[in-house]
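Chain by chain, the residues run as shown.
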Amino acid sequence: MATESAPLGQAPNSSLDTLARRERGRLFGLLFPGLFWLIVFFALPLVVILLYSFLTPGPTGNVIWKFTLDNYITLFTKDLYVNAYVRSLWIGLVTTVVCLLIAYPLALYIVQRSPRWRNLLLFLVLIPFWTNFLVRTYAWMIILANNGVINSLLQAVGLPRQTLLNTTGAVLVGLIYGELPFMVLPIYASIDRFDFTLLEAASDLGASRARAFLRVMLPLTMPGVAAGSVLVFIPTVGQFVVSDLLGGAKVDMLGNLLQRLFTRSNPPNWPLGSAMALVFMLVLTVAIIFYFRTTTEEDR
Amino acid sequence: MERFKLLAVLLVVLLVAAACGSSGSGVTPTTAPSGSATEPTAAPSNATEPTAATGGDTNAQPTTASAPAGDELQVDTSKLSKELHIYNWADYLDPQVLTDFEKEYGVKVTMEVYDNNEDMIAKIRPGNSGYDIVFPSDYAVEIMWRDKLIAPLDKTLLPNLKHMRKSNLDLYYDKGNLYSVPYNYGTTGLAYDKSKFSAPVDSWAAVFDKTQLEANKGYVSMLDDEREAPGAALHFLGKSMNDTEPADLKQAEELLKTQKAYLAGYDSSNVSRRLASGEIVIGQIYNNNALQARTGIEGDYSGNENIAFVIPKEGGTVWQDNVSIVASSPNIYTAHVFMNYLMKPEVSVKNTLFNLGVTPNIDAEKLLPANIQALYKEGFAPDDETLKRLEWIVRNDKTVAFTDLWTAVKGQ
């Protein structure tokens, strides 16, 4: 992108001659595929959602072309919708923090191995991706079920059965398990670039190990942490498969609510669903901007 | 410059998130519990798309004229179209039936599937859908004929209507069956494992009364459906499941919220499997799924002899799926012929054995294997006495209140 924008900056200097025009044409040609892609697959659907969110739901799941703000008023005034946002953001936050706490030490450990081991370990982190996420979630169901693997083991050693599946805990386990690689990889990348001699320099200058980590290593690997957190947080908040399967459809996340509004409720309410999706996007965007602000602050 | 970088990163992240989101939704049909009362989860998957290509030479002259006269339909083969497109629930129609129809009439039949009425209506509504035949549920039939999405029927082309049970015809959503003929019907009640209960279950109290719930904590399930679960609560309270009085709804909501702590989960698609395997001991369920829990599904899971199905004394739900002809269909005549074919007892029984529902076709019922007929009698199909306790789910502008009620219960 940066190299592409350079000719554009020079264009005014060389006045309006054919060369500049040709440059501009070339630039447009280069940008066109990307722009086309963004407009058709990103901007246009978003406009449709925006439009729908201001329309009135019809009695048979259709949409009536009558402009209204009711959908947004419902979202911000009814407790049950506000609660849905709070709950999902909370689950997303817990998942992200736990992933971070597991992934950072893990990534650090992997970086410090010999190259051969390092590749093997990274490979192991990636292996779960070879199996469909849905199948892996079903595997968790088998592990956690009332007659499942864990409970069979417990009973074999004479301990009472535990209710593991269909709880918020099970949903969190499933989410953390599923999202962990997305946290490990970016952190691994940034720790890999980290110059470990800086830690020696810090201790030479009298910093304790904890201090050296907090003041030197953590700030320098922050981009990885930030990227990982965003990659984990966003999909988690919108999840609905894991909460349905591992939570027995009892743990209601925003994704579940959206899915119901669009397809399951009678009649489906697309306008309210659209408004909900947009507000959700806005909340996430604000959260992410805030996050990037606070994390890049460290650089200055 | 920093700003732009930030924005670019953001955009990329959002795109990635969007991509993840869409791949997520790509799997919904298989994972999400179905909320529809009419979705049959019968039979080993596959084969929803019959390979019409096997139909062979479409120009072959069928010899239906040789069929015994009487009230059989005399099909004018010259008026038949070359193709017929049907849009149906998944695993609802025996693919063999389509192959047989192709062989007999030389009409190439293609079937596509949907998993709720709303999706189907959304596809038919703009017109020109390309489908000739659809299978709308009770209330959907009403929406569709009011909106002129389905065509009026020519009864002279449907002599096999005579095989239908009276109580399944002339229903509230289509008086006089001007637009639809019944295909399959069913009920919603409770299925339970007899070996885990000292006395037969006959009341919704089994899943709403606290002391009874305590005995089976973590082994109870309710349908993941905004009308069925609250409907059961309303029945337990002695109300109609179509009651929209705010005070009654509030009471039902509280009941469901209390119940939630005792549930294994809300589930519409795997109740039969879970009952059969003992993951739950009692659950709200559609009668066809209850029958599956009892008989098992070949090549999938084995049945459980102890499973019983009951419509609680306070009441239950009845639903019926129907066959209708899409208004914009260019093949109205062929569609009638197909419709009439589906009502033939020998054909109808094949579909019933395939989806394990209850057939509205009296003469097809007689052809069912003895064991299934016995199970029907045992309670898996409603008798006349039970039918009186059943309610149709009504949808109107007041029943949107159930969406909020359900959101509140689920979000607790």
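Structure first, text after, so check above.
First, a word on scope: everything that follows refers to the structure included in this document. Keep in mind the model is a prediction, meaning the values are calculated, not measured. (Residues numbered from 1 in each chain as written. Chains lettered and ligands numbered in written order. Predicted model: local features only at pLDDT ≥ 70, side-chain atom pairs only at ≥ 80, totals over all residues. Heavy atoms only, no water.)

1. Some details on helix α11 (residues 222–237) of chain A
Argument step 1. Over its 16 residues, α11 of chain A extends 22 Å from the first C-alpha to the last, a length consistent with the 22 Å expected when each residue adds 1.5 Å.
Argument step 2. Counting buried residues along α11 of chain A, 12 of its 16 residues qualify, which places the element largely inside the surrounding structure. (Helix = DSSP H or I, 4+ residues; strand = E, 2+ residues; numbered from the N terminus. Expected span 1.5 Å × (residues − 1). Buried < 20%, exposed > 50% of the residue type's maximum accessible area, 1.4 Å probe, protein only.)

2. Comments concerning unusual backbone geometry
All names here are of chain B.
Argument step 1. The phi dihedral of Asp91 is positive, around 50 degrees, even though this residue is not glycine.
Argument step 2. For Asp91, the location among the structural elements is in the loop between β1 (83–89) and α3 (95–105).
Argument step 3. One non-glycine residue, Asn177, lies in the positive phi region at around 45 degrees.
Argument step 4. Note on placement: Asn177 falls in the loop between α5 (138–146) and β4 (181–193).

3. Comments concerning the nonpolar core
Residue and element names in this part refer to chain B.
Argument step 1. Ranked by internal contacts, the top residues of the largest apolar core, which has 82 residues, are Leu93, Ile124, Phe135 and Leu342.
Argument step 2. Ranked by the residues each element gives to this core, the list is headed by helix α12 (residues 332–342), at seven residues.
Argument step 3. Looking at this core, you find at least three residues from each of domain 1 (2–185 + 319–378) and domain 2 (187–318 + 389–410).
Argument step 4. In this view, Leu93 contacts Ile86, Asn88, Leu98, Met111, Phe135, Tyr183, Leu342, Asn351 and Phe354; residues no more than four positions away in its chain are not counted. (Core = buried A, V, L, I, M, F, W, Y, C linked by side-chain atoms within 4.5 Å. Domains from an automatic or database assignment. Contact = heavy atoms within 4.5 Å.)

4. Remarks on the pairing of strand β7 (residues 282–286) of chain B
All names here are of chain B.
Argument step 1. The element β7 is extensively covered by neighbouring structure, given that five of its five residues are classed as buried.
Argument step 2. Alternating residues of β7 divide into Ile282, Gln284 and Tyr286 and Gly283 and Ile285, and every residue in both groups is buried.
Argument step 3. Note: β4 against β7, five bridges, orientation antiparallel. Across the sheet, residue Tyr192 finds its bridge partner in β7, namely Ile282.
Argument step 4. Here two bridges tie strand β5 (residues 220–222) to β7, and the two strands are oriented parallel to one another. Note that in β7 the partner of Ser221 across the bridge is Gly283. (Pairing = 2+ DSSP bridges.)

5. Section: a nonpolar patch on the surface
Residues and elements named next belong to chain A.
Argument step 1. Residues Trp117, Leu120, Phe123, Leu124, Leu126, Ile127, Phe129, Trp130 and Phe182 make up a contiguous nonpolar surface patch of roughly 870 Å² in combined accessible area.
Argument step 2. For the nonpolar patch, the leading source of residues is helix α5 (residues 115–126), giving five residues.
Argument step 3. Within the secondary structure, Phe123 is located in helix α5.
Argument step 4. By relative accessible area, which is 38% here, Phe123 ends up partly exposed. (Patch = residues over 30% accessible without salt bridge, like charges linked within 9 Å, V, L, I, M, F, W, Y side chains within 5 Å. Areas by Shrake-Rupley, 256 points an atom, 1.4 Å probe, with all protein chains shown as cover. Salt bridge = Lys/Arg side-chain N within 4 Å of Asp/Glu carboxyl O.)

6. What about the packing of helix α13 (residues 254–264) of chain A against helix α17 (residues 401–410) of chain B?
Argument step 1. Where α13 of chain A meets α17 of chain B, the axes come as close as 11 Å, and the angle between the chain directions of the two elements is 160 degrees. Classed by the angle they form, the pair α13 of chain A and α17 of chain B counts as roughly antiparallel. When the axes of α13 of chain A and α17 of chain B are compared, the crossing they make is right-handed. Where α13 of chain A abuts α17 of chain B, its residues Leu257, Arg260 and Leu261 of chain A lie against Thr403, Trp406, Thr407 and Lys410 of chain B.
Argument step 2. For the contact of α13 of chain A with α17 of chain B, the class distribution of residues is three nonpolar, two polar and two charged. (Axes fitted to C-alpha atoms, helices over the stretch in contact; angles between N-to-C directions. Parallel < 35°, antiparallel > 145°, perpendicular 65-115°, else oblique. Left-handed = near helix turned anticlockwise from the far one by under 90°. Nonpolar A, V, L, I, M, F, W, Y, C, P; charged D, E, K, R; others polar.)

7. Quick word on the packing of aromatic side chains
How two aromatic rings sit relative to each other is set out by the distance from centre to centre and by the angle between their planes.
Argument step 1. In the structure shown here, the tally under the stated rule is 30 aromatic pairs over all chains.
Argument step 2. Between the aromatic rings of Phe54 of chain A and Phe67 of chain A, the centroid separation amounts to 5.4 Å while the plane-to-plane angle is 15 degrees, which identifies the pairing as stacked. Here Phe54 of chain A, found in the loop between α2 (18–52) and β1 (56–57), pairs with Phe67 of chain A, found in the loop between β2 (63–64) and α3 (70–77); they are 13 residues apart in sequence, far enough to count as distant.
Argument step 3. Here Phe54 of chain A falls in the partly exposed class, since its relative accessible area comes to 23%.
Argument step 4. On the basis of an interplanar angle of 75 degrees and a centroid distance of 5.1 Å, the ring pair of Tyr266 of chain B and Trp406 of chain B is categorised as edge-to-face. Within this pair, whereas Tyr266 of chain B is found in strand β6 (residues 263–266), its partner Trp406 of chain B is found in helix α17, the two being separated by 140 residues in sequence.
Argument step 5. Of the aromatic side chains, those joined through ring pairs into one cluster are Tyr87, Trp89, Tyr114 and Tyr131 of chain B.
Argument step 6. The residue whose ring lies beneath Arg113 of chain A is Tyr109 of chain A, and the NZ or CZ to ring-centre distance is 4.0 Å.
Argument step 7. Directly above the ring of Tyr139 of chain B sits Arg395 of chain B, whose terminal nitrogen or CZ lies 3.6 Å from the centroid. (Phe/Tyr/Trp six-rings, centres within 6.5 Å; stacked < 30°, edge-to-face > 60°. Lys NZ or Arg CZ within 6 Å of the ring centre and 35° of its normal.)

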